[in-house]
Amino acid sequence: MTSDNIEDSSAPLIEHLAELRNRILYALGAFLVAMCLCFTVWNPIFNFLTQPICDALAARNQECGLILVKLQEGFFVAIRISVMGGFALSFPVIGYQLWRFVAPGLYRSEKNAFLPFLVASPLMFLLGAAFSYYIVLPIAFDFFLGFQQNFGATEADVAGEVVSSAPAGVLFQGSMEQYLALTTSFVMAFGLCFQLPVLLTLMGKAGLISSKGLKAMRKYAVVLILIVAAVVTPPDMMSQIILFAAIYPLYEVSIFLIARIEKKREAALRAEGLWVDEDEDEADADAGAHK
């Protein structure tokens, strides 16, 4: 290759890098604007996130209150909420910039295949986050608060005799920063778990996995989901069962969606006369081997 050819081939690379820089700057600008907007309303957002713990404490006739362990803790909580809220608020712009950069290099069929997954991913994340906030967190906080004990509390048997007492009071006085970290960890974990059908369906669309293979892996998927449920939830059986009951149906939905993709692909190949039946090929091979 001559030096002129090298210089000519480097021009498209420079154009792509310039395009990537512009898309990153647009996405970063949208994130910074959204982050600043969220910083102005971080307190209402934090109040919304504290609703599950406040409801759990109210059910036990306790006041809802968090404390600042460190002087700068409140500021860092505000920054953390601003960063997370800014990313969530600016994600449509970030996703659009990513799409504008990738789309010119895709065929029309590839665009039609990729775009639904780009839309479905944030929707499934929001669904998982809502499931965590409204269902899992109340159960988890009720479990954690069960380890409190009131000062001087007593328990009596059926005959009315005192059988135990609690000389030391143990009440919840949570740190503002630690509570936010725990809550956002739950929300993020469930939001990512709900990406399962999007990821599996995208892999099935690319031909990396098949519905037949996923069906054969069902028993292993059950064990893996149970392990994930045990890791990301409190050590009580109820929350683990709820997570399993939420994620395993998504696995079955993935099998259904991949099977539909495979049927459409088979129909298109049969129409073009390019379809090869693997079962028939195996039968012919077995027949030839017996001869």
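Residues numbered from 1 in each chain as written. Predicted model: local features only at pLDDT ≥ 70, side-chain atom pairs only at ≥ 80, totals over all residues. Heavy atoms only, no water.

- The protein has the name Sec-independent protein translocase protein TatC in an unreviewed UniProt entry, where Gemmobacter fulvus is given as its organism.
- Turning to the protein, the UniProt annotation filed under Function (unreviewed entry) states: "Part of the twin-arginine translocation (Tat) system that transports large folded proteins containing a characteristic twin-arginine motif in their signal peptide across membranes. Together with TatB, TatC is part of a receptor directly interacting with Tat signal peptides."
- Turning to the protein, the UniProt annotation filed under Subunit (unreviewed entry) states: "The Tat system comprises two distinct complexes: a TatABC complex, containing multiple copies of TatA, TatB and TatC subunits, and a separate TatA complex, containing only TatA subunits. Substrates initially bind to the TatABC complex, which probably triggers association of the separate TatA complex to form the active translocon." (UniProt positions renumbered as here; feature names shortened; annotations may be inferred.)

### Some thoughts on the overall build of the protein
Step number 1: On a plain count of helices and strands, the protein comes out with 11 helices and 4 strands.
Step number 2: Across the 291 residues that make up the protein, the buried fraction comes to 30%.
Step number 3: For the protein, the accessible surface area stands at approximately 18,900 Å², while carbon and sulfur atoms represent 66% of it. (Helix = DSSP H or I, 4+ residues; strand = E, 2+ residues; numbered from the N terminus. Buried < 20%, exposed > 50% of the residue type's maximum accessible area, 1.4 Å probe, protein only. Areas by Shrake-Rupley, 256 points an atom, 1.4 Å probe, with all protein chains shown as cover.)

### What about the state of the cysteines?
Step number 1: Tallied over the full model, the rule gives 1 disulfide.
Step number 2: Cysteine C38 is unpaired, with the sulfur of C36 as its nearest cysteine sulfur at 9.5 Å. (Disulfide = S-S within 2.5 Å.)

### Things to note about the pattern of salt bridges
Step number 1: Tallied over the entire structure, the rule returns 4 salt bridges.
Step number 2: Close ionic contact of R23 with E19 constitutes a salt bridge, the shortest N to O distance being 2.7 Å. You can see R23 and its partner E19 sitting in helix α1 (residues 3–40), 4 residues apart, about one turn around the helix.
Step number 3: R218 is the partner of E252 in a salt bridge, and the nearest nitrogen-oxygen pair spans 2.8 Å. Here E252 is found in helix α10 (residues 237–272), whereas its partner R218 is found in helix α9 (residues 218–232), with 34 residues between them in sequence.
Step number 4: Judged by its relative accessible area of 24%, E252 is partly exposed. (Salt bridge = Lys/Arg side-chain N within 4 Å of Asp/Glu carboxyl O.)

### Focus on a positive patch on the surface
Step number 1: On the surface, K205, K215, R260, K263, K264 and R265 cluster together into a patch of positive charge.
Step number 2: Ranked by the residues each element gives to the positive patch, the list is headed by α10, at 4 residues.
Step number 3: Considering the arrangement of structural elements, one finds K205 in helix α7 (residues 196–205).
Step number 4: Residue classification places K205 among the partly exposed residues on the basis of a relative accessible area of 39%. (Patch = residues over 30% accessible without salt bridge, like charges linked within 9 Å, V, L, I, M, F, W, Y side chains within 5 Å. Lys, Arg positive; Asp, Glu negative; His and termini not counted. Charge placed at Lys NZ, Arg CZ, Asp CG, Glu CD.)

### A closer look at the packing of aromatic side chains
Any two aromatic rings considered together are summarised by their centre-to-centre distance and by the angle between their planes.
Step number 1: Within the structure shown, the criterion is met by 11 aromatic pairs.
Step number 2: Seen in terms of ring centroids, Y133 and Y134 are 4.7 Å apart; in terms of plane orientation they differ by 85 degrees. Their pairing is edge-to-face.
Step number 3: Relative accessible area serves as the criterion here: at 9%, Y133 is assigned to the buried category.
Step number 4: Note on Y134: relative accessible area 58%, which makes it exposed.
Step number 5: Ring centres of F141 and Y179 lie 5.7 Å apart, and the angle between their planes is 40 degrees; this geometry places the pair in the tilted category. Of this pair, F141 sits in helix α5 (residues 108–145) while Y179 sits in helix α6 (residues 176–193), and the two are 38 residues apart along the sequence. An identical accessibility class is assigned to F141 and Y179; each is buried. (Phe/Tyr/Trp six-rings, centres within 6.5 Å; stacked < 30°, edge-to-face > 60°.)

### Here we look at the packing of helix α2 (residues 42–49) against α6
Step number 1: In the contact formed by α2 and α6, the axes pass within 11 Å of each other and the chain directions differ by 65 degrees. By the angle class used here, α2 and α6 are roughly perpendicular. Read as a crossing pair, α2 and α6 show a hand that is left-handed. Between α2 and α6, the residues in contact are W42, F46 and L49 and M176, Y179, L180 and T183, respectively.
Step number 2: In the contact of α2 with α6, the residues fall into 6 nonpolar, 1 polar and no charged. (Axes fitted to C-alpha atoms, helices over the stretch in contact; angles between N-to-C directions. Parallel < 35°, antiparallel > 145°, perpendicular 65-115°, else oblique. Left-handed = near helix turned anticlockwise from the far one by under 90°. Contact = heavy atoms within 4.5 Å. Nonpolar A, V, L, I, M, F, W, Y, C, P; charged D, E, K, R; others polar.)

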